[in-house]
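Reading the structure
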Amino acid sequence: MATGRYFREVELPEQRSYDDGLLFPAVLSPTANANIIEAIRSDKQWLESLLHKSGVILFRGFPVTSPSDFNDVVEAFGFPELVYVGGRAVRTKVVGRVYTANESPVDKRIPFHHEMAYLPEFPSKLFFFCAEEPGMGGETPVVLSHIVYEKMKEKHPEVVSRMEEHGLTYKKLMSDEDHPSSFAGGSWKSTYMTDDKNVAEERAGKLGTKLEWMGNVVKIITGPLPAFRLDKESQHKTWFNNLVMSNPGPIKDDHDTYVELGNGDLVPDHVVKDCLKIMEDECVAITLEER
């Protein structure tokens with residue numbers, strides 16, 4: 001197993017093995033009682049290389065026990081912060097760069113998605129931290145997007161070709177109040193961090209988003225955006241969209257997101273269901289622990 005100066009790769013039964021020898025996700029434990037911040041700074045190049053290779057790293061057994069500790073870990077990597085303007089989940093700031101992942105009820109399952117794939121600017125890396133172990137469930141399933149792309153291209157080559165040609169357009173209705181019961185229930189005020197419609201339009205415009213006002217409700221239209229993206233490090237084409245967490249069809253008066261091809265055609269329901277099944281079959285769900 002590969003080893004950094006302060007980290008060692010370990011195996012868990014939940015990991016998935018691929019033909020090229022890849023174990024997904026990579027799992028790291030400490031080699032010694034080193035200061036985690038110093039260890040990250042010392043082994044950052046090795047950690048980034050491992051991340052590019054594996055797609056996800058799970059850190060297990062490190063003395064990170066509070067949101068403040070977690071914020072220090074995030075800061076130690078030195079990655080630039082992407083402000084959550086245009087994001088549609090209801091989130092609460094905890095400390096520094098740490099926010100709650102979602103304020104929807106704990107019994108609500110959040111579908112597979114790429115963070116902010118409905119915008120032209122999105123984060124390249126995400127960090128998750130478990131502050132309190134769940135009594136049951138609570139996993140954050142992950143899946144390799146290039147595997148999803150390859151399997152979808154094999155199963156639905158014509159639809160994938162049309163998605164590649166036309167891209168996807170995302171539409172959503174938002175009121176001026178948050179709806180935490182929905183995993184994407186943010187209001188336009190929280191989404192664009194303002195009470196001013198003119199400011200909201202300005203900020204939306206910078207994100208390539210069009211706003212159509214209906215009183216205090218707004219229709220948000222973004223796209224067409226690429227449905228797939230090329231990972232420059234691996235040269236893999238990846239499934240980079242929020243198709244399975246959106247509804248194919250005409251937009252309705254609710255808080256869901258709707259998606260269509262860039263030319264206005266709809267993605268057939270059975271294709272969306274097949275995509276979700278592929279993701280569920282290929283995903284890895286490891287129970288989160290407090291450290």
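Residues numbered from 1 in each chain as written. Predicted model: local features only at pLDDT ≥ 70, side-chain atom pairs only at ≥ 80, totals over all residues. Heavy atoms only, no water.

1. Focus on the overall build of the protein
Summing up its helical and strand segments, the protein has 7 helices and 14 strands in all. The globule rule puts the C-alpha radius of gyration for 291 residues at 19 Å, and the 20 Å found for the protein is close to it. Along the first, second and third principal axes, the C-alpha set of the protein runs to 60 × 45 × 35 Å. Taking all 291 residues of the protein together, the buried fraction comes to 40%. (Helix = DSSP H or I, 4+ residues; strand = E, 2+ residues; numbered from the N terminus. Rg over C-alpha atoms; globule rule 2.2 N^0.38 Å. Buried < 20%, exposed > 50% of the residue type's maximum accessible area, 1.4 Å probe, protein only.)

2. A look at the sheet that holds strand 1 (residues 7–10)
Read from one edge to the other, the open sheet built from 3 strands follows the order 1-4-5, with strand pairing classed as mixed. The open sheet has two edge strands with one neighbour each: strand 1 and strand 5 (57–59). Taken pair by pair, the neighbouring strands of this sheet meet at an average axis angle of 35°, ignoring direction. Examined bridge by bridge, strand 1 and strand 4 (residues 26–30) share 4 bridges and lie antiparallel to one another. Residue pairing in the sheet places Arg8 in a bridge with Ser29 of strand 4. Running over the sheet, helix 1 (residues 36–54) touches strand 1, strand 4 and strand 5 and is turned about 40° from strand 1. (Pairing = 2+ DSSP bridges. Axes fitted to C-alpha atoms, helices over the stretch in contact; angles between N-to-C directions. Contact = heavy atoms within 4.5 Å.)

3. Quick notes on the nonpolar core
Judged by nonpolar contacts, the single largest core of 38 residues is most densely connected at Met152, Met163, Leu168, Trp239 and Val267. Breaking this core down by element, the ones donating at least two residues are helix 3 (145–155), helix 4 (157–166), strand 8 (168–174), helix 6 (197–206), strand 10 (217–225), strand 14 (257–261) and helix 7 (269–282). The element best represented in this core is helix 7, accounting for 5 residues. Formed by 19 residues, the second largest nonpolar core is a distinct cluster that contains Phe7, Leu50, Val74 and Phe79. (Core = buried A, V, L, I, M, F, W, Y, C linked by side-chain atoms within 4.5 Å.)

4. Some points on the pattern of salt bridges
This model, assessed by the stated rule, comprises 12 salt bridges. Close ionic contact of Lys171 with Glu260 constitutes a salt bridge, the shortest N to O distance being 3.3 Å. Taken together, the residues span a long stretch of sequence, with Lys171 in strand 8 and Glu260 in strand 14 at a distance of 89 residues. Ionic pairing is found between Glu212 and Lys210, a salt bridge with its closest N-O pair at 3.4 Å. (Salt bridge = Lys/Arg side-chain N within 4 Å of Asp/Glu carboxyl O.)

5. Looking at the packing of aromatic side chains
Taken as a whole and assessed by the stated rule, the structure comprises 12 aromatic pairs. Centre to centre, the rings of Phe70 and Phe129 are 5.0 Å apart; their planes meet at 15°, and the pair counts as stacked. Within this pair, whereas Phe70 is found in helix 2 (residues 67–77), its partner Phe129 is found in the loop between strand 7 (98–99) and helix 3, the two being separated by 59 residues in sequence. On the accessibility criterion, Phe129 (24% relative accessible area) is partly exposed. (Phe/Tyr/Trp six-rings, centres within 6.5 Å; stacked < 30°, edge-to-face > 60°.)

6. Side note on the packing of helix 3 against helix 4
Running from N to C, helix 3 and helix 4 point in directions that differ by 120°, and their axes come no closer than 5 Å. In terms of orientation, helix 3 and helix 4 fall into the oblique class. Along its contact with helix 3, which presents Tyr149, Met152, Lys153, Glu154 and Lys155, the element helix 4 presents Pro157, Val160 and Glu164. (Parallel < 35°, antiparallel > 145°, perpendicular 65-115°, else oblique.)

7. Re the environment of Phe240
With respect to the secondary-structure elements, Phe240 resides in the loop between strand 12 (236–239) and strand 13 (247–248). When its relative accessible area of 10% is taken as the criterion, Phe240 is described as buried. Phe240 sits 10 residues away from Leu230 along the chain, and the two C-alpha atoms are 9.1 Å apart. Residues within four places of Phe240 in sequence aside, it is in contact with His114, Ala117, Phe122, Pro226, Ala227, Phe228 and Arg229.

8. Focus: helix 2
Among the residues of helix 2, Phe70, Asn71, Val73, Val74, Ala76 and Phe77 are the ones counted as buried. Looking at the buried positions of helix 2, the neighbouring elements they touch are helix 1, strand 5, strand 6 (93–95) and strand 7. Within two residues after helix 2, Gly78 carries a phi angle of roughly 75°, on the positive side.

9. Let's talk about the pairing of strand 4
Of all the 5 residues making up strand 4, 4 are buried; the element is thus mostly covered by neighbouring parts of the structure. Two elements, strand 4 and strand 5, share 3 bridges in a ladder whose sense is parallel. The residue of strand 5 that forms the bridge with Leu28 is Phe59. Once you follow strand 4 into helix 1 and on to strand 5, the crossover reads as right-handed. (Right-handed = clockwise from strand over helix to strand, strands pointing away.)

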